[in-house]
Amino acid sequence: HPDFPGLSTAESIRQDPLKRVEFLEQKFAEDINDQRFIPYLQLHEYEAYLFSDPSCFKYLSPEIEQNIKQIQSLEEVASQYQNPELINDGLQTAPSKRIIAQFPDYEKAKSTFGPQLAENIGLQAIRSKCPHFNQWLSKLESLGEN
């Protein structure tokens, strides 16, 4: 929303998505002004997490030979980025669009396949590849330590 705290200022740091989202989280927390509120804004869509281990997509296609090529294509995408959270969010290059290009059936059942694929990857593997997500979860986990 255009009135989101800090959004207009954050546009000036759009070239650094991580810095931008951390800035917006900080402004969001300041706006809510309650220490119990720990904001998390995902850099891009949740499908980015699935690029933590593209081999999970073998679950979507029983045709092994074609499946290998599709998975290799997704692995190539993942290798182009420092981490999966940074995969481009363009209209045709968003993580989900890249997945759908290789596995068209994913589009019809994203809400079913996505969680199943993430479960196949495992939370620890996703956390190890997605530092922003891991940092937020670590904050939440540390709440019980005080």
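These numbers were taken from a predicted model, which means no experiment stands behind them. (Residues numbered from 1 in each chain as written. Predicted model: local features only at pLDDT ≥ 70, side-chain atom pairs only at ≥ 80, totals over all residues. Heavy atoms only, no water.)

Further remarks concern the pattern of salt bridges. Oppositely charged side chains can pair when the atoms bearing their charge come close. Going through the model one piece at a time under the given rule, you end up with seven salt bridges. Residues arginine 14 and glutamate 11 are paired through a salt bridge, measuring 3.0 Å at the closest nitrogen-oxygen approach. For arginine 14, a relative accessible area of 44% corresponds to the partly exposed category. Between lysine 27 and glutamate 30 there is a salt bridge; the shortest N-O distance is 3.4 Å. Pair noted here: lysine 27 and glutamate 30 are both in helix H2 (residues 17-32), with a separation of three residues, about one helical turn. Its relative accessible area of 43% is what places glutamate 30 among the partly exposed residues. Several salt bridges converge on common partners, so that one network encompasses Glu11, Arg14 and Arg20. (Salt bridge = Lys/Arg side-chain N within 4 Å of Asp/Glu carboxyl O. Buried < 20%, exposed > 50% of the residue type's maximum accessible area, 1.4 Å probe, protein only. Helix = DSSP H or I, 4+ residues; strand = E, 2+ residues; numbered from the N terminus.)

Let us look at unusual backbone geometry. The backbone of asparagine 33 shows a phi angle near 55°, a positive value even though the residue is not glycine. Examined against the element boundaries, asparagine 33 turns out to sit in the loop between H2 and helix H3 (64-79).

This brings us to the nonpolar core. Ranked by size, the top nonpolar core spans 24 residues in total, and within it Phe57, Tyr106 and Leu117 carry the most contacts. Every element with two or more residues in this core is listed here: H3, helix H4 (95-102), helix H6 (110-121) and helix H8 (131-142). Top contributing element to this core by residue count: H3, with four residues. Filtering out sequence-adjacent residues up to four positions away, phenylalanine 57 remains in contact with Leu50, Asn67, Ile71, Leu74, Ile99, Phe103 and Leu117. (Core = buried A, V, L, I, M, F, W, Y, C linked by side-chain atoms within 4.5 Å. Contact = heavy atoms within 4.5 Å.)

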